[in-house]
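Inside the fold
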Amino acid sequence: MEPIIRFENVHFTYPEGEREILCGIDLEIDEGSFVAVLGHNGSGKSTLAKHMNAILVPTEGRVLVAGLDTADEDKLLELRRTVGMVFQNPDNQIVANVVEDDVAFAPENLGVPPKEIRERVDAALKQVGMYDFRMHAPHLLSGGQKQRVAIAGVIAMQPRVLVLDEPTAMLDPQGRREVVQTVTALCREKGMTVVLITHHMEECIGADRLIVMSNGSIVADGSPQAVFSQVELMEREGLDVPETTRVLHELGLPTDALDPETCAERIAARLR
Amino acid sequence: MLKDVTLGQYFPGNTVTHRLDPRTKILLLILLIVAIFMAGGWVGNGLMIAVTAVCMIVSRIKPRSIFKGLKPMLFIIVFTSALNLFYTEGTPVFPGWIITWEGLERSAKMVLRIVLLITDTFLLTYTTSPIALTDGMERLLSPLKKIRVPVHEITMMISMALRFIPTLIEETDKIMSAQKARGADFETGGLVKRAKALIPILVPLFVSSFRRADELAVAMESRCYHGGEGRTRMKQLRFAPRDLWALLLGAALLAGVIVLRQFGL
Amino acid sequence: MSELRVEALTHTYSAGTPFEKTAIENISLTIPSGQFVGLLGHTGSGKSTFIQHLNALLKPTGGTVYVDGEDINKDKKSRRAVKNKVGLVFQYPEYQLFEETVFADIAFGPRNMGLEKAEIEQRVREAAHFVGVEEELMERSPLELSGGQKRRVAIAGVIAMRPGILILDEPTAGLDPAGCRQIMDNICTYRRESGATVIIVSHNMDDAARLTERLIVFDHGHIAMDGSPEEIFSKPEKLVEIGLAVPQATRLAMALREKGVALEGAVFTHGQLMAALKGVGVC
């Protein structure tokens with residue numbers, strides 16, 4: 001199967017910048033997968049995300065999304081409806097004073113017939129669990145709720161890929177859980193490709209694949225179990241490792257159990 | 001404190017006023033404003049008070065919300081009334097006083113006009129969502145597109161401004177608290193000192209507003225915004241019989257006020 | 001180095017309107033001089049309202065706050081004076097930076113205190129040192145700095161007032177793990193060297209458990225738990241009941257105990273977990 005996103009030797013430097021932000025990224029993402037990208041600030045993970053819907057275009061190499069070259073300006077609209085993007089600050093991406101009007105914004109821009117917009121808006125709000133709030137004013141919602149409205153506003157475009165650029169950085173633990181659960185459900189139930197950029201390692205545990213970025217390059221790529229078990233590498237990158245992995249690692253046990261229950265099972269088995 | 005500002009607020013509801021087409025409501029407001037200024041005598045003014053009161057009852061808007069909205073305007077109201085009170089010639093209330101009976105009447109009418117004007121405007125914004133409001137404006141102004149007035153862009157900007165008013169108020173509150181915690185003093189000193197004291201609030205507010213604008217533009221583009229061309233609307237505006245009735249009533253009111261004025265009432 | 005005493009503190013927002021909401025109710029506690037306290041609780045549990053009372057930014061609708069035995073709301077003068085004794089660092093404090101240079105911004109607080117120029121200069125350098133802001137950054141514009149640097153400059157702006165009580169509302173929010181560690185280290189250094197009382201509001205259970213001496217858990221405007229980390233995490237079920245996360249080590253210890261592994265004592269750090277595992281002969 002053709003990957004939905006393909007990076008071919010992508011380099012990127014800001015026009016006025018000296019330092020290269022992306023240094024030759026080669027990456028393929030399969031349709032329907034849940035990919036988490038982890039890295040410290042300045043590792044290039046946000047820049048990577050912004051290449052996926054042509055907010056930025058490579059200075060060298062190319063990015064293909066569903067066969068579209070992101071540098072092709074004639075296909076920009078088609079590209080952006082294929083890749084939905086959710087950003088860090090929910091306040092700065094909500095455009096309307098009423099939740100449902102905000103969710104309608106993208107389909108309205110696309111010229112979707114009014115009746116269909118209504119259906120899409122209702123479906124999107126139900127999907128993120130915010131249907132009961134459709135008449136509310138966004139500024140009175142909690143951070144997690146706002147971010148779910150932002151997600152609804154993007155999936156109302158019916159994109160194939162959902163890219164989230166540190167969507168949980170400004171949220172409390174409750175809001176973080178809400179967002180991660182919502183995107184996980186979108187991937188598992190609707191088959192949407194999800195790319196989640198984050199610096200919270202616990203949000204990567206449920207992903208199919210975990211990519212670690214550092215200084216503009218990919219330094220680890222694999223299942224979350226496989227990546228986290230490289231404890232020394234993660235520490236060198238200034239990233240956290242789940243306590244479960246750390247304990248198993250120090251006990252010299254296989255580090256393939258991320259959730260506490262399975263991990264406890266392993267340790268208990270060793271005692272017997 | 002700042003959170004009490006009700007400018008641009010919308011109270012969702014399902015009254016007749018809420019259901020009227022926003023275009024009708026904008027036109028009605030214009031009719032009402034003209035009528036307020038046409039009302040000369042106390043009968044005409046009384047009629048306008050009655051009409052506004054009926055509108056409030058029908059829309060289920062509580063007087064308290066109107067008072068809250070009027071508070072920031074208090075200065076303007078007091079100022080105009082004082083001006084009329086002291087600078088109108090006529091018969092003094094007491095011999096030798098600067099205040100005249102004519103001044104009292106004019107001042108009272110002026111205050112009444114301003115209060116009615118603001119109240120009626122609030123009735124529109126309280127019962128109409130900003131999106132519907134700007135949508136209505138865009139439609140009403142659309143003939144201007146022919147002479148290349150960027151109607152869509154203007155109404156889009158208005159609706160964005162309305163959207164961000166509560167966000168910016170909240171932010172101003174936060175910055176003020178933070179600077180107060182660092183010992184900033186906004187309450188004492190002369191005019192110059194107080195103006196200077198605003199710098200620690202205004203600079204962060206501007207900086208963050210620019211950042212917001214930047215991020216918002218990227219987010220809007222990511223959601224396929226490319227101007228008004230080819231845009232559809234989820235909520236279609238449709239004139240219903242009630243809109244016709246409402247406009248007819250509004251026109252009749254204006255005509256009535258003009259007739260009353262002829263008779264000096 | 002100040003003592004804080006709160007008696008029957010209550011705050012009701014928009015009292016007498018339909019929007020009336022009691023954020024905190026009848027809170028009483030004493031925090032002795034020099035203690036390191038963590039405040040835990042959901043968003044909306046009342047902890048933000050609580051801390052804004054401690055330097056008189058909010059006026060109690062009931063109850064009294066004493067700093068070093070004095071009622072901080074006694075009159076206008078005491079409401080102002082307490083700002084110099086109790087430093088409050090808000091969430092995302094970098095959004096308050098406004099001066100043209102880092103130096104001037106850190107100096108804003110001391111300037112408002114009406115200090116001598118030489119004294120201000122000394123305090124600014126000292127505060128910058130505590131948070132690891134290098135000398136060469138002092139003349140730069142705060143807007144040019146990275147996110148983590150801005151945050152540290154903003155914290156320095158409060159530290160420069162040499163508060164006897166330093167309160168920080170989620171100082172690490174939005175930072176990456178390396179940034180979080182650095183900020184927490186800075187705060188610990190400040191506390192060690194100045195002897196100040198430090199109160200930190202945090203969502204990060206691992207940090208709160210590892211660094212503080214006392215944890216106070218807010219729930220629905222009341223104090224639900226109050227004690228040393230050992231005491232709090234010996235009843236992790238109660239935290240879970242309130243809906244708060246527990247440290248990862250505690251979580252794993254709970255799972256192990258359920259599986260019949262009899263771990264000894266309270267477990268809330270990696271070290272304790274490994275020690276407890278050793279105790280039952282796992283390694």
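Residues numbered from 1 in each chain as written. Chains lettered and ligands numbered in written order. Predicted model: local features only at pLDDT ≥ 70, side-chain atom pairs only at ≥ 80, totals over all residues.

1. Concerning the overall build of chain A
Per the secondary structure count, chain A includes 11 helices and 10 strands. Since a compact globule built from 272 residues should have a radius of gyration of about 19 Å, the 19 Å found for chain A is in line with a globular shape. Principal-axis analysis of the C-alpha atoms places the extent of chain A at approximately 65 × 45 × 35 Å. Here chain A holds 272 residues, and the buried ones make up 54% of them. (Helix = DSSP H or I, 4+ residues; strand = E, 2+ residues; numbered from the N terminus. Rg over C-alpha atoms; globule rule 2.2 N^0.38 Å. Buried ≥ 20, exposed ≤ 12 C-beta atoms within 10 Å, placed from the backbone.)

2. Details of the overall build of chain B
Scanning chain B for helices and strands turns up 11 helices and zero strands. Starting at the N terminus and ending at the C terminus, chain B contains elements arranged as α-α-α-α-α-α-α-α-α-α-α. Projected onto the principal axes, the alpha-carbon positions of chain B cover approximately 65 × 60 × 40 Å. Across the 265 residues in chain B, those meeting the buried criterion constitute 27%. Within chain B, counting contacts between residues at least 6 apart in sequence, those at least 24 apart form 77% of the total. (Contact = placed C-beta atoms within 7 Å.)

3. Some details on the interface of chain A and chain B
Contacts between the two partners involve 34 residues from chain A, matched on the other side by 27 residues from chain B. Counting residues per element, the ones that place at least two in the side of chain A that touches chain B are helix 2 (76-82), helix 4 (105-109), helix 5 (114-127) and helix 6 (143-155) of chain A. Looking at the side of chain A that touches chain B residue by residue, the classes come out as 19 nonpolar, nine polar and six charged. (Nonpolar A, V, L, I, M, F, W, Y, C, P; charged D, E, K, R; others polar.)

4. Considerations on the packing of helix 3 (residues 42-59) of chain B against helix 11 (residues 241-262) of chain B
Residues and elements named next belong to chain B. Relative orientation of the contacting elements helix 3 and helix 11 amounts to 160°, with a least axis distance of 9 Å. With respect to helix 11, the axis of helix 3 lies roughly antiparallel. Across the interface between the two elements, Val43, Gly44, Leu47 and Val51 from helix 3 touch Leu253, Val257, Leu260 and Arg261 from helix 11. The residue inventory of the contact of helix 3 with helix 11, partitioned by class, reads six nonpolar, one polar and one charged. (Axes fitted to C-alpha atoms, helices over the stretch in contact; angles between N-to-C directions. Parallel < 35°, antiparallel > 145°, perpendicular 65-115°, else oblique.)

5. Overview of the sheet that holds strand 9 (residues 214-219) of chain C
Residue and element names in this part refer to chain C. Pairing in this open sheet of six strands is mixed, and the strands run 6-7-8-3-9-10 from one edge to the other. The sheet is open, and its two edges are formed by strand 6 (86-89) and strand 10 (222-227), each paired on a single side. The sheet shows a mean angle of 15° between the axes of neighbouring strands, direction not considered. Sheet topology places strand 6 next to strand 7 (residues 165-169); four bridges connect them, and they run parallel. From the neighbouring strand, Leu88 faces strand 7, where its bridge partner is Ile167. (Pairing = 2+ DSSP bridges.)

6. Comments concerning the domain arrangement of chain A
Residues and elements named next belong to chain A. Taken domain by domain, chain A consists of domain 1 (5-241) and domain 2 (242-272). Inter-centroid distance (C-alpha atoms) of domain 1 to domain 2 is 31 Å. Contacts between the two partners involve nine residues from domain 1 and, on the opposite side, seven residues from domain 2. The dominant element in the side of domain 1 that touches domain 2, judged by the number of residues it contributes, is helix 8 (residues 224-228), at three residues. Residues of the side of domain 1 that touches domain 2, tallied by class, amount to six nonpolar, two polar and one charged. (Domains from an automatic or database assignment.)

7. Regarding the domain arrangement of chain B
Split by domain assignment, chain B resolves into domain 1 (2-128 + 236-262) and domain 2 (147-222). For domain 1 of chain B versus domain 2 of chain B, the distance between C-alpha centres works out to 30 Å.

8. Side note on the pairing of strand 10 (residues 217-222) of chain A
Residue and element names in this part refer to chain A. Of the pairings in the sheet, the one linking strand 9 (residues 209-214) to strand 10 comprises five bridges and is antiparallel in character. Within the sheet, the bridge partner assigned to Ile211 lies in strand 10 and is Asp221. Between strand 9 and strand 10, which pair antiparallel and follow one another directly, the connecting turn spans two residues, one of which, Asn215, has a positive phi of 50°.

9. Points about the interface of chain C and chain B
The interface of chain C with chain B comprises 19 residues on the first partner and 17 residues on the second. The greatest single-element share of the side of chain C that touches chain B, amounting to three residues, is contributed by helix 3 (residues 102-112) of chain C. Tallied by class, the residues present in the side of chain C that touches chain B amount to 12 nonpolar, six polar and one charged.

10. A closer look at unusual backbone geometry
The backbone of Asn215 of chain A sits at a positive phi, close to 50°, despite the residue not being glycine. Classification of Asn215 of chain A by C-beta neighbours within 10 Å gives partly exposed; the count is 16. Here the phi dihedral of Asp68 of chain C falls at roughly 50°; this positive angle occurs in a residue that is not glycine. If you trace the backbone, Asp68 of chain C turns up in the loop between strand 4 (62-67) and strand 5 (70-71).

11. Comments concerning the sheet that holds strand 5 of chain C
Residue and element names in this part refer to chain C. The sheet built from four strands is open, its strands ordered 2-1-4-5 with antiparallel pairing. Here the strands that pair on one side only, and so sit at the sheet edges, are strand 2 (21-31) and strand 5. Note that strand 1 (residues 4-13) and strand 2 share seven bridges and pair antiparallel. Bridged to Thr12 within strand 2 is Thr22.

12. Side note on the environment of Asn186 of chain C
Residues and elements named next belong to chain C. Within the element layout of this structure, Asn186 appears in helix 6 (residues 177-194). For the pair Asn186 and Phe130, spaced 56 residues apart in sequence, the C-alpha to C-alpha distance is 6.0 Å. Beyond its immediate stretch of four places on either side in the chain, Asn186 contacts Phe130, Val131, Gly132, Arg152 and Ile155.

13. Focus on the nonpolar core
Residues Ala152 and Val195 of chain A together with Ile106, Ala156 and Ile167 of chain C are the most contacted members of the largest nonpolar core, which totals 178 residues. For Ala156 of chain C, the residues in contact, after removing those within four places along its chain, are Ile106, Ala127, Ala128, Phe130, Val131 and Val133 of chain C. Judged by nonpolar contacts, the second largest core, of 12 residues, contains Ile36, Ala39, Val51 and Leu260 of chain B. (Core = buried A, V, L, I, M, F, W, Y, C linked by C-beta atoms within 7 Å.)

14. Let's talk about the confidence of the model for chain B
Residues and elements named next belong to chain B. Of all residues in chain B, 97% have pLDDT values of 70 or greater, and the mean over the chain is 86. Element-level pLDDT for chain B is lowest in helix 4 (residues 63-70), with a mean of 82, against a maximum mean of 93 in helix 10 (residues 199-222). Complex prediction metrics read pTM 0.87 and ipTM 0.91. (pLDDT = per-residue confidence, 0-100.)

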